[in-house]
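The primary structure of each chain is shown beneath.
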Amino acid sequence: MITLDQLNAAPSADFVALLDGTYEHSPWIAERAAAARPFLSLAQLKHALASVVREATRDEQLGLIRAHPELAGKAAIAGELTAESTNEQSRAGLTACTPEEFARLQQLNADYKAKFGWPFILAVRGPRGQGLSRGEIIATFARRLAGHPDFERAECLRHIHRIAEIRLNDKFGIEPVLGNQIWDWAEQLAAHSDPGFKEQGQLTVTYLTEAHRAVADQLARWMREDCGFDEVSIDAVGNVVGLYHGSDPAAPRLLTGSHYDTVRNAGKYDGRLGILVPMLCVRELQRAGRRLPYGLEVVGFAEEEGQRYKATFLGSGALIQRFKPEWLDQQDAQGVSMRQAMQAAGLPGTLAAIQALAREPKHYRGFVEVHIEQGPVLNELDLPLGIVTSINGSVRYVGEVQGMASHAGTTPMDRRRDAAAAVAELILYVEQRAAAVPDVVGTVGMLEVPAGSINVIPGRCKFSLDLRATTNAARDALDADVQAELARICARRGLSYQLTPTENASAAPSDPAWQQRWERVVQGLGLPVFRMPSGAGHDAMKLHEAMPQAMLFLRGLNSGISHNPLESISNDDAELCVRAFQALLEQEEL
C-alpha cells in the first residue's frame, strides 16, 4: 500500500514508479501530474491525473485509448494483458464467456474498431467496483457502438479515469464504504416498482401506489433501526420524516431531504440520493455517540414529479403551506381521487391534517439538498461535485398554430399557410435566442400535426414551449422575445395562434452563506469549486419560498443522463458526497 505522504515526498521518478499501472502503459500522465504536488487528498490526486489527460493533445489522448486491450480480445486469450487488466476482466467474468458471448464480443470489437479506429473502453468493474455482468458489458458495448466518434472518444477517456480511480483505490487500500452503502440502499429501494413496469424491469414509483408505500416504509425502517434517528414518522401527505436531536433542543434545526417518487421508467438516484446521504450522516453520528449542536431533520418527500396527479412538489409544498385544496379532488387515470388514494394508504386525506404539516421558518437554519446533476456538465469536466448557484425559473406553454390544410401537389409554395413550417421557424428562433444568453435554455419538446397526411399541407400544428433561466428577469425577457417572434411569424405567414400557459416557476438563487459553506467543504476535499445553475426543478426551490437554501450536485455517469434507466453514479463519487455533507454539518458557524 502507498500513502499520500509517500507520493508527496518522493522524487519524480519514484512518484511515477509508485503510480505505475494506474493508466495503462502511459507513464507520461504521472510524470506531468507530479508538478501539482502536494496533494491534500486522494480525490485531488485523481483530479490532477484526469486534468493532465484533459490538457493533453488529441494524439496523446488517442494513444492512451489505444494502449488499452480489447475486452476478451486476442491479448486476453494469449495471457498478454497487464496484471491490472487481467484482474479487471477476470472479475467481470470475461475469462469465462460462453462460446456465444465470446463470438458476440469478438464481432463487437471488430465493428467498434472499424468504426472508431480504437478499442472499446469500459470500466468493467463498474460504478460499484464489484464487476459488471457479461450481459451488462455486451449491452453497453452495443449501445455505444451507435455513438458519434467525438462523444465516444470522450467517453472512453472517462472510463479510463474510472479504471484509474479503482486502481488507485487498490494501491492505497481504500474502500469507499460509505459510498457503497449509498449504492446498496439505492439498489434495495429500486426493487419496488409499480405494476406494469416492474415486470419489464423498469423503475416507476408514483404517488401512494403500493410500491410508493413500500419505499416509504423501507426508508422509515432504515431511519429508525439502522440510522438511529430519535423520531421517525410518515406524515399526512406521505413524507417520511426523520429527526435527529441536537445537544441544544432550543437551537433551530437544519432541514434537508429530497423526493422518493420517480418518473416512469426512471433512474435510481434522482431525488433518493438527497435522502440517503443525510440518513447515512446521521447513522455515522449515532454510531459515534455524537450530537450536533442543532437538530437535523431529514425528509423523504412523497411527491415531486407529478406523475399520478397534476400536483408537483406536493410533499415539499405541504411543509410551506403550498398544498392546494383542489388537489384532493383530482383523479388519476383510473378515476381514483387523491383523497381516496390517501385514505387507502392509511393517511387522513383531510385538508386540516395537511395544513398542520406547515413548518415555522424561524425554527430552521435553512434547507440544503444534494442531488444528482441530471446533466452532462460535471461528467464532461471530470468533476465529481458542483455547487448550485440558482435553480432556474421557468415558464411553460402549450400552443397551436392554425393555417389552412390544402393539397401538397396543387398549392404553390407562395400561397401556402403551413402551420408546421411556422412552428419549425419558431423552434429555430427559440434555439438561437436561448443560446445567445448564458444559462438560458428553451425547448419545444412536443410537436404534433393533428390528422396529418403525407400529401396535405399542415393546417394545424400543436407544440409545447419550455423556457428557463437563472433569474426571473432573464426568463421573462426570453419569454417576451419568443412570444413576439411567434406573433411576427404568424402575421407574415397569414396564420393565427393560441398560447396557453401551464406553469410559471420563479428562479431560486442559492443563499450566499449556504452556498459558501458548500464551497468550503468542496475545497476541503481537495477539489476545485465549480459553480453552476440547476436547469431542473427541485424540492429546494419550494423550500426557497420559506427559508434560505443551497444545493450540491453529484456527477452523473453515462453523460449525466437522468430520468432514464441509464442514470448512474459511482461509489467513489457517492463517498465524496457523504464526506461533503458531513463536513457541512461540522462547520462551526452553524
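The rules behind these values
Residues numbered from 1 in each chain as written. Predicted model: local features only at pLDDT ≥ 70, side-chain atom pairs only at ≥ 80, totals over all residues. Heavy atoms only, no water. Helix = DSSP H or I, 4+ residues; strand = E, 2+ residues; numbered from the N terminus. Rg over C-alpha atoms; globule rule 2.2 N^0.38 Å. Buried < 20%, exposed > 50% of the residue type's maximum accessible area, 1.4 Å probe, protein only. Contact = heavy atoms within 4.5 Å. Areas by Shrake-Rupley, 256 points an atom, 1.4 Å probe, with all protein chains shown as cover. Lys, Arg positive; Asp, Glu negative; His and termini not counted. Charge placed at Lys NZ, Arg CZ, Asp CG, Glu CD. Pairing = 2+ DSSP bridges. Expected span 1.5 Å × (residues − 1). Arc of directions from axis to C-beta. Polar contact = N/O pair within 3.5 Å; in protein donor to acceptor, adjacent residues only side chain to side chain. Phe/Tyr/Trp six-rings, centres within 6.5 Å; stacked < 30°, edge-to-face > 60°. Lys NZ or Arg CZ within 6 Å of the ring centre and 35° of its normal.

**Some remarks on the overall build of the protein chain**
When helices and strands are counted, the protein chain shows 22 helices and 16 strands. Here the C-alpha radius of gyration of the protein chain, 26 Å, is about what a compact globule of 590 residues would show, namely 25 Å. Counting over 590 residues, the protein chain shows a buried share of 54%. Here the analysis covers contacts within the protein chain between residues at least 6 apart in sequence; of these, 77% occur between residues at least 24 apart. Accessible area for the protein chain stands at about 24800 Å²; split by element, carbon and sulfur atoms hold 51% of it. Counting 59 positive and 73 negative side-chain charges, the protein chain places the centres of these two groups 3 Å from one another.

**A look at unusual backbone geometry**
Put simply, R37 and P38 share a cis peptide bond, and its omega is 5 degrees. Looking at where P38 falls in the secondary structure, it is placed in the loop between α3 (28-33) and α4 (42-55). Of note, F313 is a non-glycine position whose phi angle comes to about 60 degrees, a positive value. Summarising the element assignment, F313 is placed in the loop between β4 (296-301) and α14 (314-318). Taking relative accessible area as the criterion, F313 reaches 15% and is therefore assigned buried. If you check the backbone angles, Q321 has positive phi at about 60 degrees while not being a glycine. Mapped onto the secondary structure, Q321 falls in the loop between α14 and α15 (338-344).

**Examining the environment of W222**
Tracing the chain through its elements places W222 in helix α12 (residues 210-226). The exposure class assigned to W222 is buried, which follows from its relative accessible area of 5%. Distance in space between the C-alpha atoms of W222 and V232 is 9.8 Å, their sequence separation being 10 residues. When sequence neighbours within four positions are dropped, the list of residues in contact with W222 reads W185, Q188, L189, C227, L276 and M279.

**A closer look at the pairing of strand β1 (residues 231-234)**
Bridge count for β1 against strand β2 (residues 240-244) is 4 bridges, and the pairing is antiparallel. Within β2, the residue paired with I234 across the bridge is V240. In sequence, β1 turns back onto β2 through a hairpin of 5 residues, with G238 there showing a positive phi of about 95 degrees.

**Here we look at helix α18 (residues 419-435)**
Taking 1.5 Å per residue, 17 residues should reach 24 Å; α18 reaches 25 Å between its end C-alpha atoms and fits that length. Among all positions of α18, only A419, A422, V423, L426, Y429, V430, R433 and A434 are buried. Each buried residue of α18 lies within a common arc of 115 degrees when the element is viewed along its axis, so the set occupies one face. Seen from the open side of α18, the exposed residues pointing more than 90 degrees away from its buried face are E431, Q432 and A435. Residues of α18 that are buried make contact with β7 (393-402), β9 (440-443), β10 (447-448), β12 (460-469) and α19 (472-493). Near the N-terminus of α18, the side chain that reaches the backbone nitrogen of A420, with its oxygen 3.0 Å away, is that of D418.

**Remarks on the packing of aromatic side chains**
For the coordinates displayed, the defined rule picks out 11 aromatic pairs. With 5.9 Å between their ring centres and 35 degrees between their planes, W183 and Y269 make a pair best called tilted. Here Y269 lies in the loop between β3 (253-259) and α13 (273-287) and W183 lies in helix α11 (residues 177-189), a separation of 86 residues in the sequence. Of the two residues, W183 and Y269, both sit in the buried class. On the numbers, 5.2 Å between centres and 85 degrees between planes, the contact of F323 with W327 is edge-to-face. With a relative accessible area of 10%, F323 lands in the buried category. Pairwise contacts between aromatic rings join Y112, F116, W118, F120 and F141 into one cluster. Against the face of Y244 rests R291, its NZ or CZ located 4.3 Å from the ring centre.

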